[in-house]
Amino acid sequence: MKEIIKLSDVVVDYYRNGNTVRAVAGVDLTLNSGEILGLVGESGCGKSTLGKAIVGILQPSQGEITFDGQVVKKLTRGQRPSHFRNLQMIFQDPYGSLNPRRKIGVQIADGLLVAGMSKKNALAKAEDLLEKVGLPRAAISRFPHQFSGGQRQRISIARALAASPTAIIADEPISALDTSSQAQVANLLVKLVEEFKMGMIFVSHDLSIVRRISDRVAVMYLGKIVEIGTVDQIWNNPSHPYTKALISAIPHADGNSFMPKDLPGDVPNPLSPPTGCRFHPRCQLAKPDCRISEPRLVRLSDNRDVACVLQNAGTSPNSISLD
Ligand code: ADP
Ligand code: MG
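Residues numbered from 1 in each chain as written. Chains lettered and ligands numbered in written order. Predicted model: local features only at pLDDT ≥ 70, side-chain atom pairs only at ≥ 80, totals over all residues. Heavy atoms only, no water.

Caption draft 1: Representation of the environment of serine 148 within the structure. Within the fold, serine 148 resides in the loop between α4 (119–132) and α5 (149–161). For serine 148 and leucine 37, which are 111 residues apart along the polypeptide, the C-alpha to C-alpha distance reads 28 Å. (Helix = DSSP H or I, 4+ residues; strand = E, 2+ residues; numbered from the N terminus.)

Structural data, given as structure tokens:
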């Protein structure tokens, strides 16, 4: 399998009122072509920030992102636009990302026009793309408000596809949709990833959909990946204590987030993250050393990396007394 995205120790900071918020605190991750990588973690753990760094909306302050074999920070200013066209991001709110005053067709065709296609061909391609996402070809001459939320998200997907991307970062693409559109749009993305041989990072708090559509899943906590594995490994044999809490999570009443089960306390503030393992204040298995040394992501078995000293030492957490 070809590796399309590779992140090495990527750090992304926000600067606010003289403080540094380290939203992504050293992430190693790969995405292969044809693969769907689910990315899960509580609200505020840095998923969107990571996605924006991958597609070039934000610049990492440390580390390296490689896309299609090219180190992104080594690209010249001239190379960047065509490079980033191959990487498209789909956001939660399709209305916010579509211009309400422009017809759908031209909005989808924009990227093709920029790439030098004639207007006639670009609009014909826009019609083809609308069909691909399950909308009528005639939709090209309508405006965004004439569509439902699910249809607007399909339009955003068509617009992303117009660039013939190699990879898509879908950041909560179904969270704002009604229940029946959620499954349809998720299924559409799965179909398109396969048809166009792309890779996709799928961010969602809907763990049942992540489980159903992903090949591998990365679990993020306070700016770090704490575990990555295949769907089977993550659900049938989770290693990290946070992953265990997460997969038994129950949906929050607002429908827009989830509450991991049996997790004491709140998510710490990224302005002052805990020392040692970032998860230790909420970990029922934490040992004194967990307050001091920060565990690295270590290969546990095929396809599976875990950042937890209890796991990495080969110790079963069940044999460790709770204190
Ligand atoms: P997620 O997508 O997992 O909910 P985000 O990437 O949106 O997480 O946020 C990660 C952290 O970065 C949070 O603590 C959030 O408050 C902070 N953050 C996000 N955007 C900004 C910003 N523009 N300025 C400062 N802090 C931000
Ligand atoms: Mg987000």
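Caption draft 2: Broad picture of the site of ligand 1. Every residue close to ligand 1 is listed here: Tyr14, Arg16, Ala23, Glu42, Ser43, Gly44, Cys45, Gly46, Lys47, Ser48, Thr49 and Pro270. Coverage of ligand 1 by the protein chains reaches 68% of its 560 Å² of free accessible surface. Here the element with the most residues in the shell around ligand 1 is helix α1 (residues 47–54); it accounts for three residues. Looking at the shell around ligand 1 residue by residue, the class counts come to four nonpolar, five polar and three charged. (Near = heavy atom within 4 Å. Areas by Shrake-Rupley, 256 points an atom, 1.4 Å probe, with all protein chains shown as cover. Nonpolar A, V, L, I, M, F, W, Y, C, P; charged D, E, K, R; others polar.)

Caption draft 3: How the structure looks around the packing of helix α3 (residues 104–114) against α5. At a closest axis distance of 7 Å, the pairing of α3 and α5 adopts a crossing angle of 30 degrees. The angle between α3 and α5 places the two elements in the roughly parallel class. Crossing hand, α3 versus α5: right-handed. Residue-level inspection shows Ile104, Gln107 and Ile108 of α3 in contact with α5, the latter providing Ile155, Ala158 and Arg159. Taken together, the residues of the contact of α3 with α5 sort by class into four nonpolar, one polar and one charged. (Axes fitted to C-alpha atoms, helices over the stretch in contact; angles between N-to-C directions. Parallel < 35°, antiparallel > 145°, perpendicular 65-115°, else oblique. Left-handed = near helix turned anticlockwise from the far one by under 90°. Contact = heavy atoms within 4.5 Å.)

Caption draft 4: Focus on the sheet that holds strand β4 (residues 62–67). One open sheet accounts for four strands, arranged β2-β1-β4-β5; its pairing is antiparallel. On the outer flanks of this sheet lie β2 (19–32) and β5 (70–71), each paired with one strand and no other. As paired strands, strand β1 (residues 3–16) and β2 are joined by 11 bridges and run antiparallel to one another. Across the sheet, residue valine 11 finds its bridge partner in β2, namely alanine 25. (Pairing = 2+ DSSP bridges.)

Caption draft 5: Representation of the confidence of the model for the protein within the structure. Confidence in the prediction of the protein, expressed as mean pLDDT, is 91, and 93% of residues score 70 or more. Note that residues 314–323 has pLDDT below 50 and, in this model, 13 contacts with residues that lie over four places away or in other chains. (pLDDT = per-residue confidence, 0-100.)

Caption draft 6: Main features of the environment of lysine 120. Positionally, lysine 120 belongs in helix α4. Residue lysine 120 is classed as exposed on the basis of its relative accessible area, which comes to 69%. In this structure, the C-alpha to C-alpha distance between lysine 120 and alanine 109, residues 11 residues apart in sequence, is 9.7 Å. (Buried < 20%, exposed > 50% of the residue type's maximum accessible area, 1.4 Å probe, protein only.)

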